Amino acid sequence: MTNRHDHDTDGHGHSHGVSVDADRRWLTIALALIGGFMAVEVVIGVIAQSLALISDAAHMLTDAVSIVLALIAIRLAARPAKGHYTYGLKRAEILSAQANGLTLLLLAAWLAYEAIRRLINPPEVHGWLVVVTALAGVAINIAASWAISKANRSSLNVEGAFQHILNDLYAFIATAIAGLIMVFTGFDRADAIASLIVVALMLKAGVGLLRDSGRILLEAAPAGLHPDQIGDLLANQNGVTEVHDLHVWTITSGQPAMSAHVLVDRELDCHQVRLDLEGLLRDRYDLTHTTLQVDHVTDALLQIEPRTDHGEDAHGPAHTRTDHPH
């Protein structure tokens, strides 16, 4: 029997091409841009009596919080694995993504209530203040989006912060259009309608973040990696008799992992079979963080057709070469 847990991050491509220090630098630049403009926008939104500006500012607050959480998570995830945390704190970024998604949904609910209330009884809104502030917000969000795009967006955590700011950019565009409508037509309800557009964008981003981070926390197989297909592929390799206890999950963003118990013909070299299977997984699925336990099949196993001891328990089905012949 042989066991191997490939854990060398340098050899397995777990680095995504951007250093932790670079991530922090670009995120900090984006945070400074967002935080500074947010404070100005709150004041102008109150003066202009514009819910669209206030909702944009509230959204920018979640932008700032998401970036702060991203910076904290990057620091935690960089800590080495030790003690009870055998993967380190890499999943801190996934918890951060969950927090980002939840804040988006909660804020969207409050803004939706306020927008509906203003649709019924619209206040007088200073349209030109809305237009000028929204256009300035577009410029700030373009700059902040560019800064975060330089960071490691393969991280769900950084991608969450990027989605916050990108949605805010679209919201500012909607707010600028609403301001122009109010200036030239006097239709003050355009402000509340723009707020509802912001709400829709926030809901979309929030649900997406909760869904993607939830899949990781629940140990679901990453998108594009189907455990049954992988099991059938391995089971149909030369000399492999059965594959069971197969699990595919994501440690953290961009780090898929797999483990399985593989039975092979008695005359084969377990070590060589393991190496061949690991190479196949690397080339076909880019799976480099693997743990394969390879054993020789026993007489007792050869006499049982088909096997059922692994087929109905929590470890999933057993894959044999007789199930899916070439």
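Note: the structure precedes this text.
Now for a description of the structure that goes with this document. Here the structure is a predicted model, which means the values were calculated and not measured. (Residues numbered from 1 in each chain as written. Predicted model: local features only at pLDDT ≥ 70, side-chain atom pairs only at ≥ 80, totals over all residues. Heavy atoms only, no water.)

So, the sheet that holds strand E3 (residues 289-296)
Within a beta sheet, neighbouring strands are joined by backbone hydrogen bonds and run either parallel or antiparallel to one another. In space, the four strands of this open sheet follow the order E3-E2-E1-E4, with mixed pairing throughout. Unpaired on one side and paired on the other, E3 and strand E4 (319-320) mark the two borders of the sheet. The strands touched by helix H7 (residues 227-235) are strand E1 (240-250), strand E2 (256-264) and E4; relative to E1, the strand with the most contacts, the crossing angle is about 150°. Together, E1, E2 and E3 form the strand contacts of helix H8 (residues 270-285), whose direction differs from that of E3 by roughly 145°. (Pairing = 2+ DSSP bridges. Helix = DSSP H or I, 4+ residues; strand = E, 2+ residues; numbered from the N terminus. Contact = heavy atoms within 4.5 Å. Axes fitted to C-alpha atoms, helices over the stretch in contact; angles between N-to-C directions.)

Some points on H8
With 16 residues, H8 extends 22 Å between its outermost C-alpha atoms, agreeing within 8% with the 22 Å of an ideal straight helix rising 1.5 Å per residue. Listed in full, the buried residues belonging to H8 are Cys270, Val273, Arg274, Leu277, Glu278, Gly279, Leu280, Leu281 and Tyr285. On its buried face, H8 is in contact with H7, E1, E2 and E3. A distance of 3.0 Å separates the backbone nitrogen of histidine 271 from a side-chain oxygen at the start of H8, and that oxygen is part of aspartate 269. After H8 finishes, the residue aspartate 286 shows a positive phi value of roughly 60°. (Expected span 1.5 Å × (residues − 1). Buried < 20%, exposed > 50% of the residue type's maximum accessible area, 1.4 Å probe, protein only. Polar contact = N/O pair within 3.5 Å; in protein donor to acceptor, adjacent residues only side chain to side chain.)

Quick word on a nonpolar patch on the surface
Taken together, the side chains of Tyr170, Ile173, Ile177, Ile181, Phe187, Ile193 and Ile197 make up a nonpolar region of the molecular surface, amounting to roughly 590 Å² of accessible area. Top element by residues in the nonpolar patch is helix H5 (residues 156-185). It accounts for four residues. Note that isoleucine 181 resides in helix H5. (Patch = residues over 30% accessible without salt bridge, like charges linked within 9 Å, V, L, I, M, F, W, Y side chains within 5 Å. Areas by Shrake-Rupley, 256 points an atom, 1.4 Å probe, with all protein chains shown as cover. Salt bridge = Lys/Arg side-chain N within 4 Å of Asp/Glu carboxyl O.)

Side note on H7
Of the positions making up H7, those classed as buried are Ile230, Gly231, Asp232, Leu233, Leu234 and Ala235. Against E1, E2, H8 and E4 lie the buried residues of H7.

A word on the pattern of salt bridges
Scanning all chains against the criterion turns up five salt bridges. When the shortest N-O distance is used, the salt bridge between arginine 118 and aspartate 191 registers 3.9 Å. With a gap of 73 residues between them, arginine 118 in helix H3 (residues 92-120) and aspartate 191 in helix H6 (residues 189-217) connect regions that are remote in the sequence. The buried category is assigned to aspartate 191, whose relative accessible area is 2%. Of the charged contacts in the structure, one is a salt bridge between arginine 274 and glutamate 278, with a shortest N-O distance of 3.5 Å. Taken as a pair, arginine 274 and glutamate 278 lie in helix H8 at a separation of four residues, close to a single helical turn. Glutamate 278 matches arginine 274 in its accessibility class, with the two residues each being buried.

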